[in-house]
Amino acid sequence: MDWIGEIPDKWEILKLKFLFKDVSVKNKPDLELLSVTQDKGVIPRSMVESRMVMPTGNLESFKVICKGDFAISLRSFEGGLEYSEYEGIISPAYTVLKSQKEINDNYFKFLFKSKAFIAELQLSIVGIREGKNISYEELKYSYTPIPPLSEQQTIATFLDDKTAKIDQTIANKQTEIELLKERRQILIQKAVTKGLDDTVKLKDSGVDWIGEIPEHWEVRKLKSFCTAFGRIGFRGYTTADLVDEGDGAITISPSNIKETNMEFNSNSYLSWFKYNESPEIKIRENDILIVKTGSTYGKIGIVKNLPQKATINPQLLVLKKIQIKADYLYELLKSDIFQLQVERNVIGSTIPTISETKILGFSVLIPSSEEEINEISDYILNINEKIAKVITLKEQEIEKLKEYKTVLIDNVVTGKVKIN
């Protein structure tokens, strides 16, 4: 088998059907509802971090899965077979496989998640049943390497130890990245609320929740130095107005706004007629965007390197005619002082929203001179660049660790690396 290549002398090659059988038993009373995930295997729904819609109604069609069983999706195949550490029930969209030969479950847990095994299964499935459901009746003819039972245990113990250490190292680096982001936010927050000179005298801002500010700064309403525009209701659009790329303008949504920049890799496009119907919300470089409706209300973006003509969807507000440096205002609107006002004024629980009038009435801190604004902007740019470089290096280290983990598992479960 090409994907396996050479194996040690004492290993076997067997089809999956001689190792596992389909035991898709219907639901039994009082069993816990489990979820099938690609990163943690089959786990209780309470352990799933992302929000999931809980099934309602009759669960009789759900299937029983036990500890040591594997689950495979009938509808898609993006990963390997998922191992279950628990007993419970899973969606009928999965087939449950139980071993019918004495094996080490942990060895096969690693084998079935190895890159080589997944690639082999994906290749065979796409060629045979493209666009159809996955059937174990076809998967069971796939071959797999079988080490002696004692060696299966040795391999599983080795990989449990090594992958746990790799995962912990990755987690540590991810924690370091989060701390760097927090540090960046603290430095920027201080710069846009207190300035860069620690020796400057402070004065009472006159606003309780703002507190003291540099004596030469002032508190101003947002509307005093910019104008806001949103999509007017009667100029809204429906799905019929959405077109293919090239046939209209990008319609920017909250998903285009990322943590420190904007991305235009995945876009919706609005017809040229609807784009030209609302010239006041045509997007230009250095326009600032605020999410005013939806779960990400208060999210701030600044337009840089716009790839083509664009407008906004009804969830956004665009600030134009900005009379101070746009990069400074962008950081200012991301600060706690502005975001606190957003939290205090948002209404609606099902669909949170905040009005354009409220936003324009929010208070912000402004240094008295353009020179100081530019100085703070340059400082923030420098901080962002330095921390971004360190974060990028750590992200590259994480990717290398993930790659090393994948290669290690592939080599060990196929016998390319001997484990004593």
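Quick note: structure is the one above.
Notes on the structure follow. (Residues numbered from 1 in each chain as written. Predicted model: local features only at pLDDT ≥ 70, side-chain atom pairs only at ≥ 80, totals over all residues. Heavy atoms only, no water.)

1. Some details on the pairing of strand 3 (residues 34-37)
Move 1: Residues of strand 3 alternate between two faces, with Leu34 and Val36 on one and Ser35 and Thr37 on the opposite face, all of them buried.
Move 2: As defined by bridge partners, strand 3 adjoins strand 4 (residues 41-44) across 4 bridges and the pair is classed as antiparallel. Of the residues in strand 4, the one forming a bridge with Ser35 is Ile43.
Move 3: Between the end of strand 3 and the start of strand 4, which pair antiparallel, lie 3 residues. (Buried < 20%, exposed > 50% of the residue type's maximum accessible area, 1.4 Å probe, protein only. Helix = DSSP H or I, 4+ residues; strand = E, 2+ residues; numbered from the N terminus. Pairing = 2+ DSSP bridges.)

2. As for the pattern of salt bridges
Move 1: Under the criterion given, the structure shown has 18 salt bridges.
Move 2: Residues Lys190 and Asp198 are paired through a salt bridge, measuring 2.7 Å at the closest nitrogen-oxygen approach.
Move 3: Look at Asp198 and you get exposed, because its relative accessible area is 64%.
Move 4: Here Asp287 makes a salt bridge to Lys320, at a shortest N to O gap of 2.5 Å. Separated by 33 residues along the polypeptide, Asp287 in the loop between helix 5 (272-277) and strand 18 (288-291) and Lys320 in strand 21 (residues 316-320) bring together distant segments of the chain. (Salt bridge = Lys/Arg side-chain N within 4 Å of Asp/Glu carboxyl O.)

3. Section: the sheet that holds strand 17 (residues 268-271)
What holds strands together in a sheet is hydrogen bonding between their backbones, with the strands either parallel or antiparallel.
Move 1: Strand order across the open sheet formed by 4 strands is 15-17-16-20, with mixed pairing between neighbours. Each of the sheet's edge strands pairs with one partner strand only, and the pair in question is strand 15 (242-243) and strand 20 (310-312).

4. Things to note about the packing of helix 6 (residues 326-334) against helix 7 (residues 336-345)
Move 1: Where helix 6 contacts helix 7, the axes come no closer than 5 Å and their chain directions differ by 55°. Between helix 6 and helix 7, the crossing angle belongs to the class labelled oblique. Side by side, helix 6 and helix 7 meet where Leu332, Leu333 and Lys334 of the first sit next to Asp336, Phe338 and Gln339 of the second.
Move 2: Residue composition of the contact of helix 6 with helix 7, by class: 3 nonpolar, 1 polar and 2 charged. (Axes fitted to C-alpha atoms, helices over the stretch in contact; angles between N-to-C directions. Parallel < 35°, antiparallel > 145°, perpendicular 65-115°, else oblique. Contact = heavy atoms within 4.5 Å. Nonpolar A, V, L, I, M, F, W, Y, C, P; charged D, E, K, R; others polar.)

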